[in-house]
Amino acid sequence: MSIPSQKVSSSNKLIYQRLKQAIDLNLRRQIFIAACDDLCLRDCLAARLHAELAAESAGSDPRSPIYYPRFVSLELDLSDPNPWGSIAAWLTQHPPPQNRGSYSPLPGFQILGAEHLTRQSAAVQWSFLSYLRDIEANLQMCESTLLLWVSRPWLSSIEQSAPEFWHWRTGVFEFEGEPTPAKGDFGHFEDFGNSGDLRNLRDSGDFGNKLLISSLSGQSPIPDEQFPISYPPSPASDSQSVQLADEEQSSISHPPSPAPDSKSVQLADLVLAAASEDLEAENNAESEENFLPLQTLQYIELLQEHQCSCEALALAYHSLGNYYRDRILGGDISEQNLTIAIRAIEQVIAYLDVDTNSQQNQPLTDECARLIAQLTQNLTQYAQESNSLPPISDLLNDLGTLYWMLSRDRTQHNASDPVSCLERSIALYLEGLNRTDAETVPQTRVRLNKNLGIASADLARYRDKTENLQHAVAAYQQALLDLDPAVEPQQYAAAQNNLATAYWNLAQDGEPIVYLKSAIAAYTQALSCYSPEREPLNYAGVQNNLGTACWNLAQHQPSEPLLVRAISAYREALKYRTRELVPAAAAATYNNLGTAYWHLANHFQQKQARTESLQQAITAYEAALDIAGKLDRTQLTFDALAARNNLGLAHYQLATDPDFAANKVAQTSHLEAALHHQLQVCAEWGQHLNDKGLTYGDKLNLQASANSQAADSRQTALSYIVKTIRAFYSECGLPGQNLALSKVPGDLLPEILRRL
């Protein structure tokens, strides 16, 4: 009787490979669930899995004399569907060898036959679910891997009725296939090769020739790629980033390691949970790199079991932390990745502190030496790290930066308190500075001080604003002492920009003239080191900041030269802040430029010069609003309604300027433009209400900043609408007033007429 062949879909092949790779790791307490409704496909996959794992076991380390099966297939006993009992019975019948080393773990088990429970009584079905719910009492059975094969209906039942088992799952693998009845004969698939009869692979209690050499733990293939060290993104568009440390070498000593503590167990749980999510991801690419953290956990467990040196454990945890650090720097800045990276580096520091404080050293055992050699060869991602760890000050810097990044994570599921994260970050930077000495490279102190300044400035947003900003200023000043602008112009310019921004923020609360002058001086120093050809956007950002500082100072210390300098800075910034390249930033600078021209016209200039400045203000405001109209409101960093009000005001002032009295056409044109923009503010206010599902009669929460700004803009617009209508009457008589009133929407007329 011939056995039919069947084509395996590409998606099923991918799922199978992921399942096999996961089992290949040989980690303790791996609980996998495989769901497949096509029983023929299921049995052939299980047979192939058994055959391939057995083949790999046969090819493991030839130096090991210990023969013990790596993977065992068991049929569920339908009279008593207790998977834990089946595993215990097998282990009782086949006890592990007494001289079994840590490299030969207990075999993995796959349990088949759960689909037959559908034909059993409800009592039998419920007893199966009850056994699964008792997983915590049977965890000693799960020191290695458990793979439970079920159908999709049973998968749903387990999730709903055995939540304890579902909680402990490491991964779920769902194969495609239509439901089929159980068959007596089991074929093979041409894509996988001949798997033989599955029944011949299920354990019959006789090892015979099926006993194979156990594979070494942690011998799964490791990718050879090396990845460059990179740095996290900038905390603000115009400031240099908080930086992670460069890697440097340190020597290795060998004090015995302490026993695993609760923190290491919690970290392992976090890594397993993250790996479980990766394995369950439908579109997760097949890559051995995805299993690197699980392999690292395996090494850590073996290092702890053999009481290897603290230095070796620190290296293993550093490799784990680097894996998640790379994911973060690659853009996956999730709370989960940040938390795992934080916990891993905390373990590195803890083991290094034990290493430093320990008075006891002991020679390495052969097992420890072998594990450490494998660790440095297989699990370190960068060649230069393979036998070294960075200085403690750099580790503290990295840890502080990760806490800073966690404080800025605004995702919905992030439960971290930003204040506590920032306080922890600042404390770590300070500790890093305290651990520096005369031999510490200046770049380390610069990095720590700059990062300390950024974290302190962030904390000022939440509490003790002046005190924390002063701390930020002191940190930036210390960083600048170690920076040579001729050698590191970009670093120097970034530190000066951050220092100036801290001064600018201090000026908003007190002593504005002193702090704004300091800000202007620092921005000027930054510009001396930024090249517009090499860094056009950084250069333009500092020019914009300089213009704002000059404009602010002119409000406290009226000066035409200050406004002229602000205008010059804004115009220089707009050479590089173009609407095509950075539209939101360009719109903000155009708005700033319009405001500077308006103040120049109204406070310092007379006649023709005043008229020209108002026309320049109109041109700048129109450019800002034109760009803003093509962007989402959330992308803007300025109040577009206030800008439109200012545009209307500039038109109104030109229309009522005595120099325009002789030009009735231009006068009327400016009055119409003023009325148009003022009415547009009211229309956008109405849209603001509609977006919130409110009407004008509703009580709007004006405590919210956006609501308050919109309400203020509307009231300002209404006042100028009344003034503009009166100007129409004054300049054009009753026909002019009627023309103006005809442009007012009906819902605004009662309020306008009442004010008139």
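This text follows the structure it describes.
Owing to the predicted nature of the structure, the values given are computational and were not obtained by experimental measurement.

The rules behind these values
Residues numbered from 1 in each chain as written. Predicted model: local features only at pLDDT ≥ 70, side-chain atom pairs only at ≥ 80, totals over all residues. Heavy atoms only, no water. Helix = DSSP H or I, 4+ residues; strand = E, 2+ residues; numbered from the N terminus. Buried < 20%, exposed > 50% of the residue type's maximum accessible area, 1.4 Å probe, protein only. Contact = heavy atoms within 4.5 Å. Areas by Shrake-Rupley, 256 points an atom, 1.4 Å probe, with all protein chains shown as cover. Expected span 1.5 Å × (residues − 1). Core = buried A, V, L, I, M, F, W, Y, C linked by side-chain atoms within 4.5 Å. Pairing = 2+ DSSP bridges. Axes fitted to C-alpha atoms, helices over the stretch in contact; angles between N-to-C directions. 1 Å grid on protein atoms, 1.4 Å probe; cavity = no way out; pocket = protein on both sides within 12 Å on 5 of 7 lines; lining within 4 Å. Points joined across faces, edges and corners; volume = space filled by probe spheres on them. Parallel < 35°, antiparallel > 145°, perpendicular 65-115°, else oblique. Left-handed = near helix turned anticlockwise from the far one by under 90°. Phe/Tyr/Trp six-rings, centres within 6.5 Å; stacked < 30°, edge-to-face > 60°. Salt bridge = Lys/Arg side-chain N within 4 Å of Asp/Glu carboxyl O. Nonpolar A, V, L, I, M, F, W, Y, C, P; charged D, E, K, R; others polar.

Take the overall build of the protein next. Looking only at helices and strands, the protein has 26 helices and five strands in total. By the burial criterion, 52% of the 756 residues in the protein qualify as buried. Taking all contacts inside the protein whose residues are at least 6 apart in sequence as the whole, residues at least 24 apart take part in 76%. Carbon together with sulfur atoms contributes 50% to the accessible area of the protein, which is approximately 33700 Å² in total.

For the rest of this paragraph, the subject is helix H17 (residues 489-507). With 19 residues, H17 ought to run about 27 Å at 1.5 Å a step, and its terminal C-alpha atoms sit 27 Å apart, in line with that. Counting buried residues along H17, 14 of its 19 residues qualify, which places the element largely inside the surrounding structure.

Among the nonpolar cores identified, the biggest contains 167 residues, and Leu 19, Trp 149 and Phe 175 are the most heavily contacted of them. Here the element with the most residues in this core is helix H10 (residues 310-329); it accounts for eleven residues. Setting aside residues no more than four positions away along its own chain, Leu 19 makes contact with Phe 32, Leu 49, Leu 147, Trp 149, Phe 173 and Phe 175.

Okay, the sheet that holds strand S3 (residues 108-112) next. Read from one edge to the other, the open sheet built from five strands follows the order S2-S3-S4-S1-S5, with strand pairing classed as parallel. The sheet is open, and its two borders are formed by strand S2 (71-75) and strand S5 (171-174), each paired with just one other strand. Geometrically, the sheet is characterised by an average inter-axis angle of 20° between neighbouring strands, direction not taken into account. Across three bridges, S3 lies against strand S4 (residues 145-150) in parallel orientation. Its bridge partner lying in S4, Gln 110 is registered against Leu 147.

Right, let's get into the layout of surface pockets. There is about 820 Å³ of room inside the second largest pocket. Considering the residues around the second largest pocket, the lining is formed by 24 residues, among which Trp 168, Val 265, Ala 268, Asp 269 and Leu 272 are closest to the centre. Contributing elements (two or more residues each) for the lining of the second largest pocket: helix H8 (262-280) and helix H9 (292-305). Broken down by element, the residue count for the lining of the second largest pocket peaks at nine residues, all from H8.

Before going further, it helps to spend a moment on the packing of helix H15 (residues 442-459) against helix H16 (residues 465-481). Here H15 crosses H16 at 165°, and the two axes come no closer than 8 Å. Taken together, H15 and H16 sit at an angle that is classed as roughly antiparallel. Two packed elements cross with a definite hand, and for H15 against H16 that hand is left-handed. Within the contact between the two elements, H15 uses Val 446, Asn 449, Lys 450, Leu 452, Gly 453, Ile 454, Ser 456, Ala 457 and Leu 459 and H16 uses Asn 468, Leu 469, His 471, Ala 472, Ala 475, Tyr 476, Gln 478 and Ala 479.

Positioned with a positive phi, Asp 464 is a non-glycine residue whose angle comes to about 45°. By the element assignment, Asp 464 lies in the loop between H15 and H16.

This next bit is on the environment of Leu 352. Inspection of the secondary structure puts Leu 352 in helix H11 (residues 335-357). Taking the C-alpha atoms as reference points, Leu 352 and Ala 314, 38 residues apart in sequence, are found 6.6 Å from one another. Beyond its immediate stretch of four places on either side in the chain, Leu 352 contacts Glu 311, Ala 314, Leu 389, Ile 392 and Leu 395.

This model, assessed by the stated rule, comprises nine aromatic pairs. Taking the centre distance of 6.4 Å and the plane angle of 55° together, the rings of Trp 84 and Phe 165 count as tilted. Taken together, the residues span a long stretch of sequence, with Trp 84 in helix H3 (residues 83-93) and Phe 165 in helix H6 (residues 163-167) at a distance of 81 residues.

The next thing to look at is H9. Between its first and last C-alpha, H9 extends 20 Å over 14 residues, near the 20 Å set by a 1.5 Å rise per residue. When you tally the buried positions in H9, you get twelve out of 14 residues, the bulk of the element. Burial in H9 covers these residues: Leu 292, Pro 293, Leu 294, Gln 295, Thr 296, Leu 297, Gln 298, Tyr 299, Ile 300, Leu 302, Leu 303 and Gln 304. Trailing H9 by a residue or two, Gln 307 shows a phi angle of about 50°, which is positive.

With that settled, the discussion passes to the pairing of S4. The buried fraction of S4 amounts to six of the six residues, a majority that puts the element mostly inside the structure. On S4, burial covers both faces: Thr 145, Leu 147 and Trp 149 on one face and Leu 146, Leu 148 and Val 150 on the other are all buried.

Next up on the list: the pattern of salt bridges. One pass over the structure, following the stated rule, counts 19 salt bridges. Among the ionic pairs, Arg 463 bridges to Glu 423, the shortest N-O distance being 2.4 Å. One end of the pair, Arg 463, is in the loop between H15 and H16; the other, Glu 423, is in helix H14 (residues 418-434), with 40 residues separating them in the sequence. The partly exposed category is assigned to Arg 463, whose relative accessible area is 39%. Residues joined in a network through salt bridges with shared partners are Asp 37, Arg 152 and Glu 174.

The next thing to look at is the side chain of Gln 110. Along the chain, Gln 110 falls in strand S3. Sequence-distant contacts of Gln 110, that is, excluding residues within four places in its chain, are made with Ala 46, Leu 49, His 50, Phe 71, Val 72, Ser 73, Leu 74, Leu 147 and Trp 149.

Further remarks concern the side chain of Gln 653. By secondary structure assignment, the location of Gln 653 is in helix H23 (residues 640-656). For Gln 653, a relative accessible area of 12% translates into the label buried. Sequence-distant contacts of Gln 653, that is, excluding residues within four places in its chain, are made with Trp 598, Asn 602, Arg 610 and Leu 614.

The next subject is the packing of H16 against H17. Where H16 meets H17, the closest approach of the two axes is 9 Å, and the angle between their N-to-C directions is 160°. Of the possible angle classes, the one that applies to H16 and H17 is roughly antiparallel. In this structure, H16 meets H17 at a crossing whose hand is left-handed. Residues Lys 465, Thr 466, Leu 469, Gln 470, Val 473, Tyr 476, Gln 477 and Leu 480 of H16 touch H17, and the partners they reach there are Tyr 492, Ala 495, Gln 496, Asn 498, Leu 499, Ala 502, Tyr 503, Asn 505 and Leu 506. Along the lines of polarity and charge, the residues of the contact of H16 with H17 split into ten nonpolar, six polar and one charged.

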